[in-house]
Amino acid sequence: MSVDARARPGRRVHATTSPRDRAPLPRFLGRLLGSGRRPPDPGSTTAYELGVRRRLLLALTALLTLSLFLSYEGVHADANPLRTSSAPAVVAIDTALYALGEAQADATGGTPSTSEFQKQISVAAQSLALAATDDVGGPGGRQALQTVAGLIIGYTGMVEKAQLEPQGSVLRDAYLSYATSMLKTAKAGIEDRLRRLQDEQRAVVGRQTSFGWALWLGWSVTALLVLALGAALVETQLFLRRRFRRRFNRQLIAACALLAGGFTTLVLFTVWTRQGMTDTRSLLDRLVSGQAVTDAGQHTAGYLAHTGFRAAASVWIVLGGIVLMALTETGLRQHINDYRFRPR
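Cut-offs and rules
- Every chain is numbered independently, its residues counted from 1 as its sequence is written.
- The model is predicted, so local features are restricted to residues of pLDDT at least 70 and side-chain atom pairs to those at 80 or more, both for listing and for counting; the totals for chains, interfaces and linings are taken over all residues.
- Side-chain numbers here rest on the full set of heavy atoms in the structure, without hydrogens or water.
- Where helices and strands are cited, they refer to DSSP runs of H or I of at least four residues and of E of at least two residues respectively, numbered from the N terminus.
- Under the scheme applied here, a residue whose accessible area is under 20% of the maximum for its type counts as buried, over 50% as exposed, and between as partly exposed, the area being computed with a 1.4 Å probe on protein chains only.
- Every accessible area reported is derived by Shrake-Rupley at a probe size of 1.4 Å, with residue values counting cover from the shown protein chains alone.
- Here pLDDT means the predictor's own confidence in every residue, given as a number from 0 to 100.
- The contact rule is simple, with two residues in contact once any of their heavy atoms fall within 4.5 Å.
- Polar contacts, as counted here, are pairs of nitrogen or oxygen atoms within 3.5 Å of one another; within protein the pair requires one atom able to donate a hydrogen and one able to accept it, and residues that are adjacent in sequence qualify only if both atoms are side-chain atoms.
- By definition, a salt bridge exists where a carboxyl oxygen of Asp or Glu is found within 4 Å of a side-chain nitrogen of Lys or Arg.
- When two rings of Phe, Tyr or Trp (its six-membered ring) have centres within 6.5 Å they constitute a pair, described as stacked for plane angles under 30 degrees, edge-to-face for angles over 60, and tilted for the intermediate range.
- Like-charged residues within 9 Å of one another, or nonpolar side chains (Val, Leu, Ile, Met, Phe, Trp, Tyr) within 5 Å, are grouped into patches, provided each residue has over 30% relative accessible area and no salt bridge.
- To estimate the expected span of a helix, subtract one from its residue number and multiply by 1.5 Å.
- In this description, one arc is meant: the one made by directions from the helix axis to the C-beta atoms.

1. Things to note about the overall build of the protein
Regarding its fold elements, the protein presents twelve helices and zero strands. Going from N to C terminus, the protein has its helices and strands arranged as α-α-α-α-α-α-α-α-α-α-α-α. Sorting the 344 residues of the protein into buried and exposed places 43% on the buried side. Of the roughly 17,800 Å² of accessible surface on the protein, a fraction of 61% belongs to carbon and sulfur atoms.

Here it is in structure tokens:
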């Protein structure tokens, strides 16, 4: 014989295959994967085809791991900043605007309440401090918040001076008029400054929650790679069953299960996170006031719950890719080692 197939003890290996058992891969695929020239048809091609399939499975797994990691990160990387910074900042500014409106109503009402006014000013100050800790708008946003905080101190001082004057006095009206102008003057007033900052932060939320063409392309490519890898694993299992008369290869079955279960889990994680981000954006795009401000904070926290845990699953993608490669290698290596060809 010109070819000798040396098998491990206790294993039955077929050095040659009948035409009925042949399932040759395209020749260009073998050359593309660096498997060399295909042996002539009269000889056994099992080792060659095992090598081609091994390289194909490893290449598809590597490409899928990279594509899935980038696509997954593209969605989940913005979820944590949205939950911890952007969304709370929008709600905080909404809260400050509402509190300032209530404070103005208390200051200018028929029966002004000093305690209620101070309570609302305290709420506004605390909300702006919260927005500042969320680093809203970067350095420019922090400077704008500091300017607003200073204006609120001046506004509060004017109102307090007015409250010391008798009801209906000219000086009281002058103080209140000046305080109102500080609050409501177009562009330079406290409310307009906060609304501009809020619009900027809503734009940040919009960018963080968008699902653009790049993500659509990434997930489409990922889905195609999953189908290709799944089909290659099934075809390899059928090939081994024909050539070696063994019903199942446990490593390849485990790889199929890991691929299906892992991808399904990551897709579900992504859908849940996307839904929470979309709901958050829809909520924050609306102008809210009153009790709705408090409810908005609670709703956004609920929508974005567990996003940090799901974002951390990106590490699982890398580990899963390594495990898939290991299963493929061990599943085929035992058969590849059964075929060591010796020249005549």
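2. Focus on unusual backbone geometry
For residues besides glycine, phi is generally negative; the peptide bonds are generally trans as well. Of note, the phi angle at lysine 187 is positive, near 70°, even though the residue is not glycine. Along the polypeptide, lysine 187 turns up in the loop between helix H6 (170–184) and helix H7 (190–209). Positive phi outside glycine occurs at histidine 306, with the angle close to 70°. Position of histidine 306 among the secondary structure elements: in the loop between helix H10 (291–303) and helix H11 (307–311).

3. Examining the confidence of the model for the protein
Here the protein averages 81 in pLDDT, and 79% of its residues register 70 or above. By mean pLDDT, helix H1 (residues 27–32) is the weakest element of the protein at 49, and helix H9 (residues 250–284) is the strongest at 93. Counted against residues more than four places away or in other chains, residues 1–24, with its pLDDT under 50, gives 51 contacts. Between residues 28–35, whose pLDDT stays under 50, and residues either more than four places distant or in other chains, the model counts 16 contacts.

4. As for the side chain of threonine 95
Tracing the backbone shows threonine 95 in helix H3 (residues 79–108). Reaching out from threonine 95, the side chain makes a polar contact with the backbone oxygen of valine 91 at a distance of 2.8 Å.

5. Brief notes about the environment of glutamate 200
Looking at the element boundaries, glutamate 200 is found in helix H7. Along the primary structure glutamate 200 and valine 90 are separated by 110 residues, whereas in three dimensions their C-alpha atoms are 9.4 Å apart.

6. What to know about the pattern of salt bridges
Scanning the model with the defined rule gives seven salt bridges in all. Among the salt bridges present, the one from arginine 195 reaches glutamate 191, with a minimum N-O distance of 3.8 Å. Here the residue arginine 195 and the residue glutamate 191 both occupy positions in helix H7, the gap between them amounting to four residues, near one helical turn. With a closest N to O distance of 3.9 Å, aspartate 285 and arginine 281 form a salt bridge. On the basis of relative accessibility, which here comes to 47%, the residue aspartate 285 falls in the partly exposed class.

7. Notes on the packing of aromatic side chains
Two numbers describe a pair of aromatic rings. These are the distance of the centres and the angle of the planes. Scanning the entire structure with this criterion turns up six aromatic pairs. Considering the side-chain rings of phenylalanine 269 and tryptophan 272, the 6.0 Å spacing of their centres and the 40° angle between planes classify their relative orientation as tilted. On the criterion of helical spacing, the pair formed by phenylalanine 269 and tryptophan 272 is a turn pair, its members being three residues apart in helix H9. On the basis of an interplanar angle of 65° and a centroid distance of 6.1 Å, the ring pair of phenylalanine 269 and phenylalanine 309 is categorised as edge-to-face. Of the two residues, phenylalanine 269 sits in helix H9 while phenylalanine 309 sits in helix H11, which places them 40 residues apart along the sequence.

8. Focus on a nonpolar patch on the surface
Together, Phe309, Val315, Trp316, Val318, Leu319 and Ile322 give the surface a local cluster of nonpolar side chains, amounting to about 600 Å² of exposed area. Per element, the largest residue contribution to the nonpolar patch is five residues, and it comes from helix H12 (residues 314–336). Relative to the helices and strands, tryptophan 316 is located in helix H12.

9. As for helix H4 (residues 114–133)
An α-helix turns once per 3.6 residues; consequently, residues spaced three or four apart project the same way. For H4, with 20 residues, the first-to-last C-alpha span of 29 Å sits near the 28 Å given by 1.5 Å per residue. The complete set of buried residues in H4 reads Phe117, Gln120, Ile121, Ala124, Ser127, Leu128 and Ala131. Each buried residue of H4 lies within a common arc of 125° when the element is viewed along its axis, so the set occupies one face. Residues Ser115, Lys119, Gln126 and Thr133 are exposed on H4 and point more than 90 degrees away from its buried face.

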